[in-house]
Amino acid sequence: MKKILLALTLFCSITIFAQVKIGGVVVDEQNNTIPFTNVVFVNSTIGTVSNENGKFYLESDKNFNEIEVSFLGYETKRFTIKSRDLDLRIVLKEEASQLDEVVIYSGKTKKKGNPAIAILKKVWAKKHKNGTHLFDQYEYEKYEKVEFDMNNIDSTMMKRKIFKNMEFIFESIDTSRITGKAYLPIFINESVNKTYGNNKSEKVREDLIANKNSGFDNNQYIISFIKDLYVDYDIYNNYIKVFDKSFVSPLSKTGVSTYNYVLTDSAYIDNKWCYNILYYPRRKSELTFKGDFWVNDSTYAVKEINMQANKSANINWVKDIYIEQNFDVLNDSVFLLKRDYIMSDFSIGKKDKAKGVYGKRTTMYKDYKFDDDKGEEFYKEEIDIYEEEIYAKADDYWSENRQEKLNKNELGVYKMLDTLSKTKKFKKMYSLVSILGSGYIEMNNFDFGPIFSTVGTNDVEGVRLRVGGRTYFGRNDLWRLQGYTAYGFKDDQFKYGISGKWLVNKKKRIILGLGNRRDIEQIGVSLTTTNDILGRSFASSSFFSSGDNSKLTSINLTNAFVSIEPKKNLIVKAGASYRTLKSASPTFNLDYIDEDGIPQSDIAQAEANISVRYTPKLKTIGYGVERGEADTRHPTFFLNYSKGFKGVFNSDFDYQKIQFYYRQPILIGGLGRTFTTFEVGKTFGELPLGLLNVVPGNQSYFNIENTYSLLDYYEFTTDAYASLHLEHNFNGRFFSRIPLLRKLNLREIIGFKAVTGSISDKNVAMSAPAFSALPLASLDPNVIAPKNKPYIEYSAGVGNIFKVFRIDFIWRGSYRDVPNANNFGIKGSFGFYF
């Protein structure tokens, strides 16, 4: 009986708000679906466009009893509707004659003589910019709401055992005005910001005034996830970036080759006469939208626009993307964004009934002011966004400052999630998801893990077991201790690592760190090196190794450092380290000849270093000693200088090293995305093999970033090097045009890698015993280092196989005749790709 009452309550709650809700499919007389038909309530500007399968959904909080359905080449028809009818079947009859204004062929509009394109040309000629860019200074208030909702809620789902004793959550169910699906709000974050900008100096300051969360302590990560996905965009640009994919904008000058445009209506909107233009894609599987927009007849600025992604677009885990923007058109040259709404339906499958999660972001703007010069010092000031006052605003404040009111169900989320978080069953579910996401098992103020490193194997240690953990009082801990111990069953040795970090100044982010590690690992798997105490290379385990895994080194490393962030995302770090190195395997050695001509097998070295890391515009999460990073689209610059001191703690060598690393992701419009990595370095002084720069090889079956796929470990060694990696992902641009491959949503990837370097005769002579034992067994500097010509690799790959797998085919472009050279290889990788 309780379940029946619950179902009735749910039904009432999802039907009481909208006056009219209709949905269905549009077909022709042969029962073929008609995609991209225009469906509007008669005598209104409220409408929608059916998807590529002819299906549509439309709702309004006003009373309508008639709709008009139209598509080029078919008779426009009106139909009487009921207030609730989601199973409409609209049949359109093909027209006997063509329209005068637009010439039609197979449902596609021709460019010549099309009044919609004539209007578009006037839009392009105006070259509109957001009004804030037309003034020297600007400011406005911004209200933002981020929301997650479970969707496709039905009675079967509500009866599942997983929701037993949690049925109360379904009291907040609602219906999407975009898709018509029942959904349950599960997370809401609201914020009020004051934004200031100076176009002359290109400075922007955004002050967080108020923030309100529903849910749990990791909300910052959820909010950042949504904000990272939904970056700001300009509808007048040629491409609109969503999920790091470049969708062709319907206002793009190249849009006429991508979309069909139809002038469908004209009407007053906010006392301004506007034209309505419907658009839909010419081809399937491309990154395109369908929808319509309203254009003012005098300014030719867009007043309203909606964009819904093509369902067959090559994008993973996302079933629907819907975007709305509304503008205030002030005059011929100024228009201001008033409301921005974007919604995505995250789902494993793309079928209509597949369960998923809506991710929504609504942004409202008001109180625009212009040309109030605040001065340059104003933009250098930063408010403390973690002040308690920001997060403790009363309900009265939110009632007054919400630019868009929450509905009843959204308001209920705060109470519902507070109750849910205290439910024992939910706590267990939450813990499981947290373990899978972080790799740590949470205990009281201590996390055990990472669990994914518990078991390993290599040729020296045999099977290796590892246990570890970290202190954890919360995501914003000002200090953290972490450590591990490991045991190898073959070498019968225990290893360990322990480190601690303390944030002593939050404003400048001054951090002190200290640690020690004794372990066995594969060194030389990265050209640009660091002294990370607890970092251990993937290559140190041979679970997935395709060759000899015995070139391992026993290392004892102690490191202390202090870091500071004088400018946002600019981190300066100074440290001192002491390490000992020796071979961990009888089949591999690091032997060298010292200055007295005596062979040595152990290395002891004291070193000081200073490094600078800069990642402009990077968004970070949290304020503790460890922060999260919210995006990866920005460039990274890293510069490191190291100085070795002979005699300090019996250290063996004097030297200097300088290294530079640069990585830049580049979005190239509709052609995809390129990743560029450049590294260069130089060592001054005479050093043995264990302290030189080894060109990183990859003897696993998988792709490893910043390595050379066909090189073995220690195949090339340098004391001066320059390395370039280029990789471009076309995101399925070509496969989407091949009929047999289109539905697979595969993606084309090409790559190029090259490295050149040298090694001095003195360094070769010093490490003669070690070099003589390596596979090339050479003391020729031109063989040990790729000096005479660069080492080159080419690759071509296919990504997005089953949405998670990628395979690459790699060819060696030089040094193909050296003994035992790997001239061709196939490697794979797993990943989460949109």
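Calculation notes
Residues numbered from 1 in each chain as written. Predicted model: local features only at pLDDT ≥ 70, side-chain atom pairs only at ≥ 80, totals over all residues. Heavy atoms only, no water. Helix = DSSP H or I, 4+ residues; strand = E, 2+ residues; numbered from the N terminus. Buried < 20%, exposed > 50% of the residue type's maximum accessible area, 1.4 Å probe, protein only. Contact = heavy atoms within 4.5 Å. Expected span 1.5 Å × (residues − 1). Arc of directions from axis to C-beta. Pairing = 2+ DSSP bridges. Axes fitted to C-alpha atoms, helices over the stretch in contact; angles between N-to-C directions. Phe/Tyr/Trp six-rings, centres within 6.5 Å; stacked < 30°, edge-to-face > 60°. Lys NZ or Arg CZ within 6 Å of the ring centre and 35° of its normal. Patch = residues over 30% accessible without salt bridge, like charges linked within 9 Å, V, L, I, M, F, W, Y side chains within 5 Å. Areas by Shrake-Rupley, 256 points an atom, 1.4 Å probe, with all protein chains shown as cover. Salt bridge = Lys/Arg side-chain N within 4 Å of Asp/Glu carboxyl O. Core = buried A, V, L, I, M, F, W, Y, C linked by side-chain atoms within 4.5 Å. Bend = angle between axes of the 7 residues up to and from the residue.

Engineer: Any chance you could break down the overall build of the chain for me, citing the residues and the numbers?
Structural biologist: Broken down by element type, the chain carries 11 helices and 46 strands. For the chain, the proportion of its 834 residues judged to be buried stands at 53%. In the chain, the share of contacts with a sequence separation of at least 24, taken over all contacts with a separation of at least 6, comes to 63%.

Engineer: Pulling in residues and values, what's your account of helix α2 (residues 115–126)?
Structural biologist: Note on helix geometry: an α-helix contains 3.6 residues per turn, so any two residues three or four positions apart are oriented the same way. In a regular helix each residue adds 1.5 Å, so 12 residues correspond to 16 Å; α2 covers 17 Å between its end C-alpha atoms and thus fits that length. Here α2 has its buried residues at A116, I117, I119, L120, V123 and W124. End-on view of α2: buried residues confined to an arc of 155 degrees, all on one side of the axis. More than 90 degrees from the buried face of α2, the exposed residues found are K121 and A125. Tucked into the core, α2 has its buried residues touching β16 (259–269), β17 (272–281) and β18 (289–296).

Engineer: Quick rundown of the sheet that holds strand β2 (residues 38–41)? Include the residues and the values.
Structural biologist: Reading across from one edge, β3-β2-β5-β6 is the order of the 4 strands in this open sheet, with antiparallel pairing throughout. A single partner strand is all that each edge strand has here, and the edge strands are β3 (47–49) and β6 (77–80). Taken over all neighbouring pairs, the strand axes of this sheet differ in orientation by 20 degrees on average, direction set aside. Of the pairings in the sheet, the one linking strand β5 (residues 66–70) to β6 comprises 4 bridges and is antiparallel in character. Each residue of the ladder has a partner; that of E68, found in β6, is R78.

Engineer: Help me get a handle on the packing of aromatic side chains, residues and values and all.
Structural biologist: Within the structure shown, the criterion is met by 35 aromatic pairs. Measuring from ring centre to ring centre gives 6.2 Å for F148 and F187, while their planes differ by 50 degrees; the resulting arrangement is tilted. Here F187 lies in strand β12 (residues 182–198) and F148 lies in strand β10 (residues 137–151), a separation of 39 residues in the sequence. Plain terms: the ring middles of F716 and Y791 are 5.8 Å apart, the flat faces sit at 55 degrees to each other, and that makes the pair tilted. Note that F716 is positioned in the loop between β40 (693–694) and β41 (717–718) and Y791 in strand β44 (residues 791–801), a separation of 75 residues in sequence. The exposure class assigned to Y791 is buried, which follows from its relative accessible area of 0%. Through pairs of rings, three or more aromatic residues link up here, namely F135, Y138, Y140, Y365, Y368 and F370. For R470, the ring lying beneath its charged end belongs to Y440, and the centroid distance is 3.8 Å.

Engineer: So what about the pairing of strand β37 (residues 636–645)? Which residues, and what values?
Structural biologist: Residues T636, F638, N640, S642 and G644 point to one face of β37 and are all buried, whereas F637, L639, Y641, K643 and F645, pointing to the other face, are not buried. Note: strand β34 (residues 603–614) against β37, 9 bridges, orientation antiparallel. Paired with S611 across the strands is N640, a residue of β37. For β37 and strand β38 (residues 655–667), the ladder comprises 9 bridges, and the chain directions are antiparallel. Bridge pairing in β38 links L639 to F660.

Engineer: An account of the sheet that holds strand β1 (residues 20–28) is needed here, citing residue identities and associated values.
Structural biologist: Strand order in the open sheet made by the 3 strands is β4-β1-β7, with mixed pairing throughout. The sheet terminates laterally at β4 (55–60) and β7 (84–92), the two strands that pair on one side only. When the angles between neighbouring strand axes are averaged without regard to direction, this sheet yields 25 degrees. Strand direction decides the pairing type here: β1 and β4, joined by 6 bridges, are antiparallel. Residue pairing in the sheet places K21 in a bridge with E59 of β4.

Engineer: Summarise the pairing of β5; cite the residues concerned and give the values.
Structural biologist: As defined by bridge partners, β2 adjoins β5 across 4 bridges and the pair is classed as antiparallel. When the bridges of β5 are listed, F41 appears paired with I67. Between the end of β5 and the start of β6, which pair antiparallel, lie 6 residues, with G73 showing a positive phi angle near 90 degrees.

Engineer: Tell me about a nonpolar patch on the surface, and name the residues and values.
Structural biologist: Together, F473, L478, W479, L481, W502, V504, L512 and V562 line one region of the surface with nonpolar side chains, adding up to about 730 Å² of accessible area. Contributing elements (two or more residues each) for the nonpolar patch: β27 (479–488) and β28 (493–505). Inspection of the secondary structure puts L478 in the loop between β26 (462–471) and β27.

Engineer: Describe the nonpolar core, with residues and values.
Structural biologist: In terms of nonpolar packing, the biggest core is built from 47 residues, with I235, F247, Y261, F289, F293, V302 and I321 touching the most fellow members. Among the elements that make up this core, the one with the highest residue count is α2 (6 residues). Membership of the second largest hydrophobic core comes to 27 residues, among which are I555, Y592, A770 and I784.

Engineer: For helix α6 (residues 408–420), give the residues involved together with the corresponding values.
Structural biologist: The end-to-end C-alpha distance of α6 is 18 Å, a good match for the 18 Å that 13 residues give at a rise of 1.5 Å each. For α6, the principal kink sits at Y414 and spans about 30 degrees. Regarding α6, the residues found buried are N409, E410, V413, Y414, M416, L417 and L420.

Engineer: Before we move on, could you go through the pattern of salt bridges and cite the residues and values that matter?
Structural biologist: For the structure shown, the criterion picks out 41 salt bridges. The salt bridge involving K145 is made with E404; its shortest N-O contact spans 3.8 Å. Of this pair, K145 sits in strand β10 while E404 sits in the loop between α5 (395–401) and α6, and the two are 259 residues apart along the sequence. Two residues, K495 and E461, come together in a salt bridge whose shortest N-O distance is 2.8 Å. Of this pair, K495 sits in strand β28 while E461 sits in the loop between β25 (455–458) and β26, and the two are 34 residues apart along the sequence. Per residue, the accessibility class of K495 equals that of E461, and both read buried. Here the residues in one salt-bridge network are E461, R464, D491, K495 and D519, joined through shared partners.

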